[in-house]
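# Results of the structural survey
Here is what each chain is made of, one letter per residue.
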Amino acid sequence: MRTSDKHSKIIEAAITVFARKGFFSARISDIAKEAQVADGTIYLYFNNKYDILISLFEEEIGKIILEVKLLLEKETDPRKMLHIFALHHMQLMEEKKELAEVLQMELRQSNKFMKEYRNTKFIEYVDVVSAIIHKGQEEGVFRKSLLPGVFKRAFFGALDETSRLWVLSPHHSYTIDEAARQISDIFISGIMTDS
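Right, let's walk through the structure included here. (Residues numbered from 1 in each chain as written. Predicted model: local features only at pLDDT ≥ 70, side-chain atom pairs only at ≥ 80, totals over all residues. Heavy atoms only, no water.)

## Focus on the overall build of the protein chain
A tally of helices and strands in the protein chain yields 10 helices and 0 strands. Along the protein chain, from the amino end to the carboxyl end, the secondary structure elements read α-α-α-α-α-α-α-α-α-α. Counting only C-alpha atoms, the protein chain reaches 65 × 35 × 30 Å along its principal axes. Residues classed as buried in the protein chain amount to 45% of the 195 residues present. Here the analysis covers contacts within the protein chain between residues at least 6 apart in sequence; of these, 72% occur between residues at least 24 apart. For the protein chain, the exposed area adds up to about 10600 Å²; of that, 52% sits on carbon and sulfur atoms. Side-chain charges of the protein chain comprise 27 positive and 29 negative groups, with the mean position of each set lying 3 Å from the other. (Helix = DSSP H or I, 4+ residues; strand = E, 2+ residues; numbered from the N terminus. Buried < 20%, exposed > 50% of the residue type's maximum accessible area, 1.4 Å probe, protein only. Contact = heavy atoms within 4.5 Å. Areas by Shrake-Rupley, 256 points an atom, 1.4 Å probe, with all protein chains shown as cover. Lys, Arg positive; Asp, Glu negative; His and termini not counted. Charge placed at Lys NZ, Arg CZ, Asp CG, Glu CD.)

Shown next as structure tokens:
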């Protein structure tokens, strides 16, 4: 098996194990078993479990950023672009349930991750939203007084909280599409120019 294949297999196994057992209860041996590699093989690629968590986050967020940017390339209307971003973010809850659980729950429970990680990938992800806002402002669609840095955090916060509840609850009174549409509609109506 090629080196990159083993690395990917370990990351995929870690997602499954962290989602099933939780980050703190998971052991390297659990990840190795799931990846069908020897325990020692894990240490050829990662220093420890925390290193796996950071790599998992970096690599998976990188893929998500690429996916959403490709979707946004096909659209020019900044309002529709915000809808696309919201829908893509929310669809991850259904399409990648285990990853969503790890990103929504396990990362937040790691104080070390929250304190020490330089979240450049996360910043790159939410900067997609601020780029959409800048575009809308330049085109006269969104209010010039809007602060893109504040908007991106508020918009992401609404998506993130709804996603967290989606992961935690087995029963939902609305669809992911409805949630994404509702959130983006609320925010868009609040930032439109008066003209």
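## Focus on the nonpolar core
Core analysis: the largest hydrophobic core is formed by 59 residues, its most contacted members being F18, I31, I42, L82, F151 and F155. Contributing elements (two or more residues each) for this core: helix 1 (3–21), helix 2 (28–35), helix 4 (49–73), helix 5 (78–95), helix 6 (97–109), helix 8 (120–138), helix 9 (148–168) and helix 10 (176–191). The dominant element in this core, judged by the number of residues it contributes, is helix 4, at 10 residues. When neighbours within four sequence positions are excluded, I31 is seen to be in contact with I10, A13, A14, V17, F18, I42 and I52. (Core = buried A, V, L, I, M, F, W, Y, C linked by side-chain atoms within 4.5 Å.)

## Brief notes about helix 8
The terminal C-alpha atoms of helix 8 lie 26 Å apart, and with 19 residues this matches the ideal 27 Å at 1.5 Å per residue to within 8%. At V126, helix 8 shows its maximal kink, close to 25 degrees. Listed as buried for helix 8 are Y125, V126, V128, V129, S130, I132, I133, G136 and Q137. Following helix 8 by one or two positions, G140 adopts a phi angle in the positive range, close to 75 degrees. (Expected span 1.5 Å × (residues − 1). Bend = angle between axes of the 7 residues up to and from the residue.)

## A look at the packing of aromatic side chains
What characterises a pair of aromatic rings is the spacing of the ring centres plus the angle enclosed by the ring planes. All chains considered together, the criterion is met by 10 aromatic pairs. Taken together through their ring pairs, the aromatic side chains of F85, F122, Y125, F151, F155, F156 and F187 make up a single cluster. (Phe/Tyr/Trp six-rings, centres within 6.5 Å; stacked < 30°, edge-to-face > 60°.)

## A look at the pattern of salt bridges
The tally for this structure, following the rule as stated, stands at 11 salt bridges. For D77, the salt bridge identified is with R79, shortest N-O distance 3.1 Å. In this structure D77 comes out as buried when scored by relative accessible area, which is 17%. Linked by salt bridges that have partners in common, K21, R27 and D30 make up one network. (Salt bridge = Lys/Arg side-chain N within 4 Å of Asp/Glu carboxyl O.)

## What to know about helix 2
Listing the buried residues of helix 2 in full gives I28, D30, I31, A32 and A35. With its phi angle positive at about 60 degrees, Q36 sits one or two positions after the end of helix 2.

## Some details on the side chain of S163
Mapped onto the elements, S163 comes out in helix 9. Its relative accessible area of 0% is what places S163 among the buried residues. Looking at S163, its side chain comes within polar contact range of the main-chain oxygen of L159, at 2.7 Å. In this structure S163 touches H89, M90, M93 and Q104, once residues within four positions along its chain are discounted. (Polar contact = N/O pair within 3.5 Å; in protein donor to acceptor, adjacent residues only side chain to side chain.)

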